[in-house]
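Below, each chain spelled out in residue letters.
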Amino acid sequence: MEPQQQAGSGDAPPKQVAQAMDRLGRAARLIAEIRLGADRILEALLVSNENPRLSEKAAELTLGEEDAMRRHFLDLRTVGKQLEDSGVLSGALRSRGNSWGLHMPLVCPDGAVVAYAWKRQLAGQAGASAVDRARLALKAFSDQKRRFFPQLEDDQLNRSNNDTIKFPPTKRPRLLHRPTQSPNIDSTEQKPMLADILKSIQTEAPGVTISTYQRLEWSKRAESLASTMNDSSLDQPKEQILSNLSGSFNEVAVIELVASGVFRVLVSLHPAGSTDPDAVAFFSPNEGGSYLHSRGMSVHHVFKHVTEYADKALQYFQSSDPNKALSHLLSWICSHQSLFTKNCSKCSKLLAMDKSLALLLPPVHRPYLLNSKDHDQDFATAYHIGCSSYDV
Amino acid sequence: MTVKWLMHFQPNQGTTLTSQVMAEACAVAESFPGVSRDGRWRSSMTFYRAVPRDQSLPAPSDLPRDLIGISLHDLPNEYLFVMRSQRLILRAHSSVQTVMDKLQSYKGRFFINFEGLQYKWGDFKLRIGKCLYNPNEALRGIVMEVEYLPLSSIDKSQRVMEEFYEIWREAVASKLLAGQFINTEVNFVEYGLGDSYTPQHTAVLYGMCVVQVIASSNKNQ
C-alpha cells in the first residue's frame, strides 16, 4: 500500500481535487480486484466440484483468495471513508465559499466521474457563444473596413444593417454598380490630382520641403539618412517636388515633408499613385534608419505624441471628407512648423509639465476639425495635452 | 548632434561654493516627476601654453599663445581645441594628445575635470557636475548641461531651451539654493559656427563657461 498523504483543508482545492481523483481511481482498482477474486473463488469451487482430486488445491486457493479479498475490502473501506470525508460522494463541498469555484469531483448518478462540476457547464456555454462572438467580430471588422478604407470595393459583406450576415443573391447586381462610399461628397465631384495637391501645399507652406518617393526608393532613403546623421553637417539638399521623380506620379507611395530643423513627416498613400493617405508619422529631422516610415514611431516623446494625434486627424479627414483628405492632412501637417515656437492657446506657455506622463512637452495637439466652408482652414491653434479639451 | 545649453552656478555674494550645493542641485533635478538617473559623466579640459623653441626670438604673432584642449564625455574618440583669441576650433582624434606630449610645442599648464551625474527627463538630458581643479581636486564650480534630444537647430530650439531654463531657475529658487544658475551666452557666429549644433559648439560653450567659473570663484575667494 502506498503511503498516503492526507490533503488537509489547508491545501489548495486543486490538490484536494487531485487527491480525490487519485482515490477514486484506487477504489475502482480495488473493486476490480475484488471482482477478480470472487471469480477465482467461484472457479475454484467449480473445479473442486468437478474434480475432487483437486479439491485440496482448490481449498488452498480459496483461502488465499479469501485473505486477499479481505484485504481489498479493508482498503476499499478506507478509501471510501477518505472519499466520504472529502465530500466527494455526498457533494458536501459544493457550497463551500473558498473552493475557488473548483468543486470536488462529482460522481454523477449515471456513474460518470466529472473532475470539476462546472466543466460540463462551460463546455456547453463555449459552444453556444462561439457563434455569437464570430458574428460580432465579423460585423466589427466590416464596419471598420467601410469606415477607414472606403475606396476598397465591398462586394459581399457590407449590406446588412442588422446582426445577421445575409448574402441575398437578389442584391448582388446592385452592389457591383455601387460607387465607393462617400457620405458627404457629391459623387460627381472629381478627385484632385496628386501633383496639383502637392503644388498647392508647397505654395501654401514655403517653409516645408515636399518630396515624393516610390516605396522602395523611400526604404533606401531612410537607410541613407541613418548614415548621414553621423556627419556633423545636417543640411540636406533641397529637392523640388517635380524633379525628384524619375517617373510619373502613378507610383508614388510615400510623401516626405521636411521643415528644416523642426520635423520630418512621412505620409503613405494607398494604393500607390492615388490621393488617399493611409498612414502618417512624425519624426525629428535628425532621425534616420529603417524605422522611419509612415507606420513607424519616433524615439522622441514629443514626436510620438504628435504622431498619435495625427492618426486621429487622419481618420477624421478620411471619414468627413475623403476626396480632400490628403489636402487637409498636408495642410494640417504644415501647420506644425511652429511646433517648438507656438505657445499653447490655453495657458500661453510653450513647455508644460504633463503630470500623467511625467514629461515636459510643447503643445502637441493641434485641433483638426473642419468647419463647414472647406477653404481657409488654417489650423492655427495648439494645445498641450492637458490643456486640450476632449473632443478637439 | 542635438542642442545643448551650458550653465554654471553663481553662488550668492559672500557665500562659498561647497559640495553640498552639488547635492542640492541634484536633489532639485530629482524632484521633477519622471526624472531618472542615467549614470555618470566626465569631461576634461587642459589649458595649454606655447613653449617657444628659441627663447631669444619673439614668438610669432600668428601663433596662439594659449590653447584649450577639451575631451568631451559623449565623444571619447575625439579631442577638440579652442583658440579663443583667433576664434578657431579644431576637431581631432583623441590620439592627438600623445602627439602634443611628444612635440612639446605646447605644455599643459593646468587641468580641469568635470564630473557628476546624468539624468534623463523625457526628451531632455541633464548633466550636473563639479568643476574640479586637477592637482588638488579643489571645487571651482558647478556646471549643468541641458540637452534637448529632438532638435539640432539652435534657432528652432531657442524658445524651448529658454522655457526650460526658466523652469529650472524657478525650481532652484524655490528650493532655496544659495545662488543661481547662469546660462553661458555665446555668439557662435564669431566662431564661424552655423545653426546646426555640433561638438564644436559644445567646445566653445565649455571654453566660455570655464572662464566665467574661474572668474567667479576667484572673486569669491
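Residues numbered from 1 in each chain as written. Chains lettered and ligands numbered in written order. Predicted model: local features only at pLDDT ≥ 70, side-chain atom pairs only at ≥ 80, totals over all residues. Heavy atoms only, no water.

Considerations on the overall build of chain B
When you go through chain B residue by residue, the secondary structure sums to 4 helices and 9 strands. Contacts spanning at least 24 positions in sequence make up 68% of the contacts within chain B whose residues lie at least 6 apart. Of the accessible surface of chain B, which amounts to about 10400 Å², a share of 52% is contributed by carbon and sulfur atoms. (Helix = DSSP H or I, 4+ residues; strand = E, 2+ residues; numbered from the N terminus. Contact = heavy atoms within 4.5 Å. Areas by Shrake-Rupley, 256 points an atom, 1.4 Å probe, with all protein chains shown as cover.)

A look at the nonpolar core
L257, W332 and I333 of chain A together with W168 of chain B are the most contacted members of the largest nonpolar core, which totals 108 residues. Among all residues touching W168 of chain B, those that are not within four sequence positions of it are M7, A25, V28, A29, F32, I128, M144 and F181 of chain B. Formed by 10 residues, the second largest nonpolar core is a distinct cluster that contains W218, L225, A281 and L292 of chain A. (Core = buried A, V, L, I, M, F, W, Y, C linked by side-chain atoms within 4.5 Å. Buried < 20%, exposed > 50% of the residue type's maximum accessible area, 1.4 Å probe, protein only.)

Quick notes on a negative patch on the surface
Residue and element names in this part refer to chain B. The grouping of E162, E166, E170 and E185 at the surface amounts to a negative patch. Its location among the elements puts E170 in helix α3 (residues 154-174). Since its relative accessible area comes to 54%, E170 is described here as exposed. (Patch = residues over 30% accessible without salt bridge, like charges linked within 9 Å, V, L, I, M, F, W, Y side chains within 5 Å. Salt bridge = Lys/Arg side-chain N within 4 Å of Asp/Glu carboxyl O. Lys, Arg positive; Asp, Glu negative; His and termini not counted. Charge placed at Lys NZ, Arg CZ, Asp CG, Glu CD.)

Considerations on the sheet that holds strand β5 (residues 263-269) of chain A
Residue and element names in this part refer to chain A. With antiparallel pairing, 4 strands are arranged side by side in an open sheet as β3-β4-β5-β6. Since the sheet does not close on itself, it has two edges, and those belong to β3 (208-213) and β6 (277-283), each with one partner. Each strand of the sheet is rotated relative to its neighbour by a mean of 15 degrees, with strand direction disregarded. With 6 bridges connecting them, β5 and β6 associate as antiparallel partners. Bridge pairing in β6 places S268 opposite A279. Running over the sheet, helix α7 (residues 301-320) touches β5 and β6 and is turned about 160 degrees from β6. (Pairing = 2+ DSSP bridges. Axes fitted to C-alpha atoms, helices over the stretch in contact; angles between N-to-C directions.)

Concerning the packing of helix α1 (residues 19-31) of chain B against α3 of chain B
Residue and element names in this part refer to chain B. Contact pair α1 / α3: the axes reach a minimum separation of 10 Å and the direction vectors enclose 120 degrees. Classified by the angle their axes make, α1 and α3 are oblique. Relative to α3, the crossing made by α1 is right-handed. Every residue of α3 that contacts α1 at A25, V28 and A29 is listed here: W168, A171 and V172. (Parallel < 35°, antiparallel > 145°, perpendicular 65-115°, else oblique. Left-handed = near helix turned anticlockwise from the far one by under 90°.)

Regarding the interface of chain A and chain B
With 25 residues of chain A at the interface, the matching set in chain B holds 23 residues. For the pairing of chain A and chain B, the buried interface totals around 1900 Å² over both sides, and the portion due to carbon and sulfur atoms is 61%. At the junction of chain A with chain B, the criterion picks out 0 salt bridges. On inspection of chain A and its partner chain B, the count reaches 8 residue pairs in polar contact (both at pLDDT 80 or more). Secondary structure elements with two or more residues in the side of chain A that touches chain B: α7 and β8 (359-361) of chain A. (Buried area = accessible area lost by both parts, 1.4 Å probe. Polar contact = N/O pair within 3.5 Å; in protein donor to acceptor, adjacent residues only side chain to side chain.)

Details of the confidence of the model for chain A
All names here are of chain A. Overall, the predicted model of chain A reaches an average pLDDT of 76, with 68% of residues at or above 70. At the level of individual helices and strands, chain A shows its lowest average pLDDT in helix α4 (residues 172-177), which scores 40, and its highest in β5, which scores 94. Within the model, the stretch residues 93-99 combines pLDDT values under 50 with 9 contacts to residues more than four positions away or in other chains. (pLDDT = per-residue confidence, 0-100.)

Re the packing of aromatic side chains
All names here are of chain B. A full pass over the atoms with the stated rule returns 26 aromatic pairs over all chains. The interplanar angle of 10 degrees and the centroid separation of 4.6 Å between the aromatic rings of F47 and F110 together place this pair among those described as stacked. Remark: F110 occurs in strand β6 (residues 106-121) and F47 occurs in strand β2 (residues 36-50); sequence separation between them is 63 residues. Taking the relative accessible area as the measure of exposure, F47 reaches 15% and is therefore buried. (Phe/Tyr/Trp six-rings, centres within 6.5 Å; stacked < 30°, edge-to-face > 60°.)

Observations concerning α3 of chain B
Residue and element names in this part refer to chain B. Compared with an ideal rise of 1.5 Å per residue, which puts 21 residues at 30 Å, α3 spans 29 Å between its outermost C-alpha atoms and is within 8% of the ideal. Of all the bends in α3, the greatest measures close to 30 degrees and is centred on V160. A positive backbone phi angle near 60 degrees is found at L176, which sits one or two residues after α3. (Expected span 1.5 Å × (residues − 1). Bend = angle between axes of the 7 residues up to and from the residue.)

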